[in-house]
Amino acid sequence: MAHEGDEMTKKFWMSFSSVSMALFAYLFLYVPILILIIFSFNSKSFPSPWDHFTLNWYRELFSTKEIWTSFTNSLIVATFSTLLSLSMGVFLIFFRATGGEIRKAIPLFYGNLIIPETMLALSLLSYFTFFKIELGMTTLVVAHTVLGLGFVIPILYTRYLQLDRKLNEASQVLGATSRQTFFKITLPLLRPTLIATGLLIFILSFDDFILSYFCAGTSVQTLSLYLLQMLRSGISPIVNALSGILLFLSSILVMFFFSPKIRSRIL
């Protein structure tokens, strides 16, 4: 009986510690976000204490044209860099799958995971300057695409190596060409990885500051650069309101993507 009591006590404390650690992790992650959203409705400027509820900062946010221009620029850069990174990654896997000797070049794309982003930004800036390429939207998309390739190709290639080779062999035995096998068998199997990697690259590109700071020039301003400009002149509650809007949009996207019906159709 004493032994059973010790086992039950041990299980209780193990369960209690697991729940406590999970609760602490959730609080550590989400309490700052909750406070940020709450103070976006504060009538006084941040970091003043709470006064009373107001929607003035949201009204000012939607009436500030510069913010939405910067938001649009970040959205355009993130979208194009994600599409280019995924397309180049798919083509590389295609040449590898159809017998091309591309395997030796794979390690070259791991450099972005090792090289500090500041060094990568300086290298790209030197490259654009050497060839006298004017900094702007194009150079910004190129820089973010280079950053994305460092994540897309290793992830896709690792997933490609895990695929069952018997499916490709069966497809070729049934008379399919290498191209048909790739687009009918291999690529659909890589679709979940492509979607997950695309979301990762989009988020990294949308939030990136260092590459934007070095490669955007003076003609293009992304959202991260605009927020830096705002912070230099003092923290405005508009930043809290913008963060609340972005959190709301991202939450809708997550719920939309992780809906069982929608996920089954996409994947």
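Residues numbered from 1 in each chain as written. Predicted model: local features only at pLDDT ≥ 70, side-chain atom pairs only at ≥ 80, totals over all residues. Heavy atoms only, no water.

### Quick notes on the overall build of the protein chain
A tally of helices and strands in the protein chain yields 12 helices and 0 strands. Ordered by position from the N terminus, the helices and strands of the protein chain form the series α-α-α-α-α-α-α-α-α-α-α-α. Counting across all 267 residues of the protein chain, residues that qualify as buried make up 31%. On the protein chain, roughly 17100 Å² of surface is accessible, and the fraction owed to carbon and sulfur atoms is 70%. (Helix = DSSP H or I, 4+ residues; strand = E, 2+ residues; numbered from the N terminus. Buried < 20%, exposed > 50% of the residue type's maximum accessible area, 1.4 Å probe, protein only. Areas by Shrake-Rupley, 256 points an atom, 1.4 Å probe, with all protein chains shown as cover.)

### Structural notes on the environment of Q180
Relative to the helices and strands, Q180 resides in helix 8 (residues 178-207). Look at Q180 and you get partly exposed, because its relative accessible area is 44%. Apart from the residues lying within four places of it in its own chain, the contact partners of Q180 are G175 and I185. Among the polar contacts listed, one links the side chain of Q180 to the backbone nitrogen of T177, at a separation of 3.1 Å. (Contact = heavy atoms within 4.5 Å. Polar contact = N/O pair within 3.5 Å; in protein donor to acceptor, adjacent residues only side chain to side chain.)

### Comments concerning a nonpolar patch on the surface
A cluster of nonpolar side chains, namely F24, Y26, F28, L29, Y30, I33 and L247, defines an oily patch on the protein surface of about 780 Å² accessible area. Sorting elements by how many residues they give to the nonpolar patch places helix 1 (residues 2-39) first, with 6 residues. One can find L247 in helix 11 (residues 237-257). (Patch = residues over 30% accessible without salt bridge, like charges linked within 9 Å, V, L, I, M, F, W, Y side chains within 5 Å. Salt bridge = Lys/Arg side-chain N within 4 Å of Asp/Glu carboxyl O.)

### Quick word on the confidence of the model for the protein chain
Here the protein chain shows a mean pLDDT of 83. Residues at 70 or above account for 88%. The element-level mean pLDDT for the protein chain is lowest in helix 12 (residues 260-266), coming to 57, with helix 9 (residues 210-215) highest at 93. (pLDDT = per-residue confidence, 0-100.)

### Focus: the nonpolar core
I93 and Y160 are the most contacted members of the largest nonpolar core, which totals 17 residues. Sequence-distant contacts of I93, defined by excluding residues within four places in its chain, comprise L156, Y157, Y160, F182 and L190. Counting 15 residues, the second largest nonpolar core, distinct from the first, contains L61, I67, F206 and I245. (Core = buried A, V, L, I, M, F, W, Y, C linked by side-chain atoms within 4.5 Å.)

### Observations concerning unusual backbone geometry
The residue K132 is not glycine, and still its phi comes out positive at about 55°. Following the sequence through the fold, K132 ends up in the loop between helix 5 (117-130) and helix 6 (137-161).

### Observations regarding the packing of helix 7 (residues 165-173) against helix 8
One can describe the packing of helix 7 onto helix 8 by two numbers: an axis separation of 10 Å at closest approach and a directional angle of 145°. In this structure, helix 7 meets helix 8 at a crossing whose hand is right-handed. Where helix 7 abuts helix 8, its residues L167, N168, S171 and Q172 lie against S178, T181, I185, T186 and L189. For the contact of helix 7 with helix 8, the per-class residue count stands at 3 nonpolar, 6 polar and no charged. (Axes fitted to C-alpha atoms, helices over the stretch in contact; angles between N-to-C directions. Left-handed = near helix turned anticlockwise from the far one by under 90°. Nonpolar A, V, L, I, M, F, W, Y, C, P; charged D, E, K, R; others polar.)

### Focus on the packing of aromatic side chains
Within the structure shown, the criterion is met by 17 aromatic pairs. Measuring from centroid to centroid gives 6.3 Å for F24 and F28, while their planes differ by 25°, and the two rings are stacked. You can see F24 and its partner F28 sitting in helix 1, 4 residues apart, about one turn around the helix. Feature note: the residues F62, W68, F71, F202 and F206 constitute an aromatic cluster, connected by ring pairs. A cation sits over an aromatic face here: R165 above Y160, 4.6 Å from the ring centre. (Phe/Tyr/Trp six-rings, centres within 6.5 Å; stacked < 30°, edge-to-face > 60°. Lys NZ or Arg CZ within 6 Å of the ring centre and 35° of its normal.)

### Description of helix 6
Between its first and last C-alpha, helix 6 extends 35 Å over 25 residues, near the 36 Å set by a 1.5 Å rise per residue. Residue G148 marks the point of greatest curvature in helix 6, where the axis turns by about 30°. (Expected span 1.5 Å × (residues − 1). Bend = angle between axes of the 7 residues up to and from the residue.)

### Here's the deal with the packing of helix 5 against helix 6
Relative to each other, helix 5 and helix 6 sit at 140°, their axes nearing to 11 Å. It follows from the interaxial angle that helix 5 and helix 6 lie oblique. Considering how the two elements wind past one another, helix 5 and helix 6 form a crossing that is right-handed. Contacts between helix 5 and helix 6 involve E117, L120, L124 and F128 from the first element and T139, V142, A143, V146 and L147 from the second. Its residues assigned to classes, the contact of helix 5 with helix 6 shows 7 nonpolar, 1 polar and 1 charged. (Parallel < 35°, antiparallel > 145°, perpendicular 65-115°, else oblique.)

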